[in-house]
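Letter by letter, the chains look like this.
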Amino acid sequence: MHIITTSTERVGSTLAAEISKNPPSKNPSTSEATKTDWQESLKRAVRSPAELCRMLKLPPRCEAGAARATGQFPLFVPREYIARMKPGDPDDPLLRQVLPLDAETLDLPGFGTDPVGESGAKVTAGLLQKYEGRALLITTGACAVHCRYCFRRHFPYGETPPRTRAWSEAIEAIAADSSIHEVILSGGDPLTLPDEQLAPLAARLAQIPHVRRLRVHTRLPIMIPQRVNQKLLEWLCGTRLTSVVVIHANHVAEIDQAVAHSLKELVDAGLVVLNQSVLLRGVNDSVEALVQLCESLADLRVMPYYLHQLDRVAGAAHFEVPVEKGVQLVQQLRARLPGYCVPRYVQEVPGEPNKVVLA
Ligand SMILES: *Cc1c(COP(=O)(O)O)cnc(C)c1O
Ligand code: SF4
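Residues numbered from 1 in each chain as written. Chains lettered and ligands numbered in written order. Predicted model: local features only at pLDDT ≥ 70, side-chain atom pairs only at ≥ 80, totals over all residues. Heavy atoms only, no water.

## As for the sheet that holds strand 3 (residues 134-138)
Part 1: Taken together, ten strands build an open sheet; the order of strands is 1-2-3-4-5-6-7-8-9-10 and the sheet is mixed. Across the chains shown, the open sheet's two edge strands, defined by having one partner strand only, are strand 1 (122-124) and strand 10 (356-357).
Part 2: Sheet topology note: the strand 7 (residues 272-278)/strand 8 (residues 303-308) ladder contains five bridges and is parallel. Paired with Gln 276 across the bridge in strand 8 is Tyr 306.
Part 3: Strands in contact with helix 8 (residues 195-206) are strand 3, strand 4 (182-186) and strand 5 (213-217); relative to strand 4, the strand with the most contacts, it is inclined by about 165°. (Pairing = 2+ DSSP bridges. Helix = DSSP H or I, 4+ residues; strand = E, 2+ residues; numbered from the N terminus. Contact = heavy atoms within 4.5 Å. Axes fitted to C-alpha atoms, helices over the stretch in contact; angles between N-to-C directions.)

Okay, here's the thing in structure tokens:
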């Protein structure tokens, strides 16, 4: 895995000292018991732009801009992820995904709060069905990171009823519709919930005869790799359902040794593991960035699935890459890599029966 950098290689001394107070599990052979508890990592995540800027030794203008732009969607980033950022570089591709910028405050035509028409796809509170055969369960509003480009930054999570009631209603609706063959656990990020809640949910879904597959969309294995633990693997692999895990990495620098180890654990456990990325200006909008990401994922037996065109969510316009440029990038990618390493470049278009394939 030549492209994978260890976190220490990318970490400045102050940051390294900061992190060594509570080190992420860097050693692939670290036993279960000595791994930093993932829930602790969530609690210890950085929420203050000033703290993040100080840790990374960024110029004062970054801090001021971030404070102005934080708005309704506060900064939230785990220390494990910060450790992979390059100190002193305001353009670091990982930092760009999490640091609020002044550009977010611009109100631009065409960028709204429900860009993918989800409010029209609701079956019950917390259950969305847009596509045939698949239902998407919003398990929680919480995430392990706040991605500045996320279309869920305006999602009215507060309107969903308490979890247990919403889940019961959703499970009833799934049981009543025999066309649903796959249930997608999404959010937010479902893996921010404890396995003690997720295992019974998976068990209830497995009791519905027409449900065949369970898909989990999560950024946790990237953000806090020690989230991939024995308890998680037990309910994911121990079910009658075929489990599919879709992770979300946008840049090769997100994949350090601990992440690579966790991905290996998922694949070795027999799970199908796919990756989706969002095409983001200043993060991965170059052939080189995409080649490195896709090839490193394939080395780890994680198949590049989708490259998403940015949803036009208010506050994220500065991340947009024109579709024509995206198409060119994917064509160049196709000329460079084996076919199975090239993700489908897709766009979410309200009212379409599937995600629209752009290239
Ligand atoms: C993206 C999405 C899916 C899954 O689509 P696939 O093309 O099967 O990956 C399902 N439901 C909703 C609401 C979605 O947005
Ligand atoms: S839903 Fe996914 S992309 Fe959006 S903020 Fe959460 S982790 Fe990031």
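## Things to note about the pattern of salt bridges
Part 1: For the coordinates displayed, the defined rule picks out 19 salt bridges.
Part 2: Between Lys 355 and Glu 348 there is a salt bridge, with its nearest N and O atoms 2.9 Å apart.
Part 3: The network of salt bridges with shared partners includes Lys 130, Glu 348 and Lys 355. (Salt bridge = Lys/Arg side-chain N within 4 Å of Asp/Glu carboxyl O.)

## Description of the pairing of strand 5
Part 1: Among the five residues that make up strand 5, four are buried, leaving the element largely enclosed by the rest of the structure.
Part 2: As paired elements, strand 4 and strand 5 share four bridges and run parallel to each other. Opposite Leu 185, over in strand 5, you have Val 216 as the bridge partner.
Part 3: Between strand 4 and its parallel partner strand 5, the chain crosses via helix 8, and the hand of that crossover is right-handed.
Part 4: Pairing between strand 5 and strand 6 (residues 242-248): five bridges, direction parallel. Bridged to Leu 214 within strand 6 is Ser 243. (Buried < 20%, exposed > 50% of the residue type's maximum accessible area, 1.4 Å probe, protein only. Right-handed = clockwise from strand over helix to strand, strands pointing away.)

## With respect to the packing of aromatic side chains
Part 1: In this structure the tally under the stated criterion is two aromatic pairs.
Part 2: Ring centres 5.8 Å apart and planes at 85° place the aromatic pair Tyr 149 and Phe 319 in the edge-to-face group. In this pair, Tyr 149 is assigned in the loop between strand 3 and helix 7 (163-175) and Phe 319 in the loop between strand 8 and helix 13 (323-336), connecting sequence segments 170 residues apart. Both residues of the pair, Tyr 149 and Phe 319, belong to the buried class. (Phe/Tyr/Trp six-rings, centres within 6.5 Å; stacked < 30°, edge-to-face > 60°.)

## Points about helix 11 (residues 257-268)
Part 1: Here helix 11 contains twelve residues, and its C-alpha end-to-end distance of 16 Å stays within 8% of the 16 Å for a straight helix at 1.5 Å per residue.
Part 2: Within helix 11, burial applies to Ala 258, Val 259, Ala 260, Ser 262, Leu 263, Leu 266 and Val 267.
Part 3: Where helix 11 is buried, its residues meet helix 9 (220-223), helix 10 (230-237), strand 6 and strand 7.
Part 4: In this structure Asp 256 caps helix 11, since a side-chain oxygen of it lies 3.2 Å from the backbone nitrogen of Ala 258. (Expected span 1.5 Å × (residues − 1). Polar contact = N/O pair within 3.5 Å; in protein donor to acceptor, adjacent residues only side chain to side chain.)

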